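# Reading the structure
In case you want the letters, here they are:
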Amino acid sequence: MNIIGLLHSDFNFKWVVDDLKDSLRQELDFINEGRNSEKCARDLSHLRYVHVPKVYWDLCSSRVLVAEYIEGYKISEVKKLISNGFDLADINKKLFEAFGEQIFQTGFVHADPHSGNVIIRKNGKDAQLVLLDHGLYETISERDRTSLSCMWKAIVLQDHDQMRKYSKELGVDGENVGHVKKVAGGTVPNVSFRLSGYLLERRRDLLKLCRLEQKEKKLYI
């Protein structure tokens, strides 16, 4: 990759190899994965609709991870979820709240949340999210969480100046701020609406996090 990068600067993908090397190192260390899963369980313990399989440490090593077996349905198995009486809107809300909690509050974020890593099971009459595969996590600093929270608040309020300010704090240059405006303007209404709904429900926490002293504005969507 180094040689290709020197010969063809437009095809320098060494960064991909470096990134994959670090990710694979994390994902193949099962002691690390077990610790991540336990931290995730602690961080989200107040959300009773989230379950993380228990790790059996006496059977584990850096090459072997043994955890609680859970039966359920993949999040992508929509027909099965419906036929078994699950409320898709309820599942959707719980997904956004759980991952929103990681992104905006704890800063310890599951970095591989594809459909195979989230299964749904019944917990009494309610749907419970079971989070799997904790090998790869990202940590978001308090500073970045604050900027990210304020940026989403600005999107909800359609405040382009604040969008620009907090996007810049997150490393997005002026040319790309237009993409943030497109989100706010409804180019991707489902994502905008759902994230906005989450932020509206947590607006007091976000205002406190952003250290804003002004009176809370009434939000209308």
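Cut-offs used in this document
Residues numbered from 1 in each chain as written. Predicted model: local features only at pLDDT ≥ 70, side-chain atom pairs only at ≥ 80, totals over all residues. Heavy atoms only, no water. Helix = DSSP H or I, 4+ residues; strand = E, 2+ residues; numbered from the N terminus. Buried < 20%, exposed > 50% of the residue type's maximum accessible area, 1.4 Å probe, protein only. Contact = heavy atoms within 4.5 Å. Areas by Shrake-Rupley, 256 points an atom, 1.4 Å probe, with all protein chains shown as cover. Pairing = 2+ DSSP bridges. Axes fitted to C-alpha atoms, helices over the stretch in contact; angles between N-to-C directions. 1 Å grid on protein atoms, 1.4 Å probe; cavity = no way out; pocket = protein on both sides within 12 Å on 5 of 7 lines; lining within 4 Å. Points joined across faces, edges and corners; volume = space filled by probe spheres on them. Nonpolar A, V, L, I, M, F, W, Y, C, P; charged D, E, K, R; others polar. Polar contact = N/O pair within 3.5 Å; in protein donor to acceptor, adjacent residues only side chain to side chain. Expected span 1.5 Å × (residues − 1). Salt bridge = Lys/Arg side-chain N within 4 Å of Asp/Glu carboxyl O. Core = buried A, V, L, I, M, F, W, Y, C linked by side-chain atoms within 4.5 Å. pLDDT = per-residue confidence, 0-100.

## Topic: the overall build of the protein
What the protein contains, in helices and strands, is 10 helices and six strands. Among the 221 residues that make up the protein, the fraction classed as buried is 34%. Sequence separation of 24 or more characterises 62% of the internal contacts of the protein that already satisfy a separation of 6 or more. Of the roughly 14,200 Å² that the protein leaves accessible, carbon and sulfur atoms contribute 53%.

## Examining the sheet that holds strand E1 (residues 50–51)
Read from one edge of the open sheet, four strands run E1-E5-E4-E2, paired in mixed fashion. Each edge of the open sheet is held by one strand with a lone partner, namely E1 and strand E2 (73–74). Contacting E1, strand E4 (118–123) and strand E5 (126–131), helix H5 (residues 88–106) crosses the sheet at an angle of about 40 degrees to E5.

## Notes on the layout of surface pockets
Its volume calculated, the largest pocket comes out at about 280 Å³. If you go around the largest pocket, the residues you meet are Ile75, Leu88, Asn92, Leu95, Phe96, Phe99, Ile103, Val109, His110, Pro113 and Val118. Elements that contribute at least two residues to the lining of the largest pocket include exactly H5 and strand E3 (108–110). For the lining of the largest pocket, the element with the highest residue contribution is H5, accounting for six residues. In terms of residue class, the lining of the largest pocket is built from nine nonpolar, two polar and no charged.

## Remarks on the side chain of arginine 145
Relative to the elements of secondary structure, arginine 145 occurs in helix H6 (residues 142–157). Here the side chain of arginine 145 touches glutamine 105 through a polar contact of 3.2 Å, landing on its backbone oxygen.

## Considering helix H3 (residues 30–43)
For H3, which comprises 14 residues, the first-to-last C-alpha distance of 20 Å matches the rise-based estimate of 20 Å (1.5 Å per residue) to within 8%. Listed as buried for H3 are Glu33, Gly34, Asn36, Ser37, Cys40 and Asp43.

## Observations regarding the pattern of salt bridges
The full count for this structure, using the stated rule, is five salt bridges. Among the ionic pairs, glutamate 97 bridges to lysine 93, the shortest N-O distance being 2.6 Å. Highlighted residues: glutamate 97 and lysine 93, both in helix H5, separated by four residues, approximately one helical turn. As a salt-bridge pair, aspartate 161 and arginine 164 come within 3.6 Å of each other at their nearest N and O atoms. Taken as a pair, aspartate 161 and arginine 164 lie in helix H7 (residues 160–169) at a separation of three residues, close to a single helical turn.

## Brief notes about the pairing of E5
A regular strand places its side chains so that they alternate between the two faces of the sheet. Burial analysis of E5 places five of its six residues in the buried class, which makes it a mostly covered element. Across six bridges, the pairing between E4 and E5 is antiparallel. Residue pairing across strands places lysine 122 opposite alanine 127, the latter belonging to E5.

## Re the nonpolar core
Within the largest apolar cluster, 19 residues are counted, with the highest numbers of intra-cluster contacts made by Val50, Ile91, Ile120, Leu129 and Leu131. At the level of secondary structure, the elements contributing two or more residues to this core comprise H5, E4 and E5. Among the elements that line this core, the one with the most residues is H5, at four residues. Membership of the second largest hydrophobic core comes to nine residues, among which are Phe104, Ala154, Ile155 and Met163.

## A look at the confidence of the model for the protein
Averaged over the protein, the pLDDT score is 77; the fraction of residues at 70 or greater is 65%. For the protein, per-element mean pLDDT is lowest for helix H9 (residues 189–201), which scores 43, and highest for E1, which scores 98. In this model residues 181–221 is a low-confidence stretch, pLDDT under 50, and it forms 56 contacts with partners more than four residues away in sequence or in other chains.

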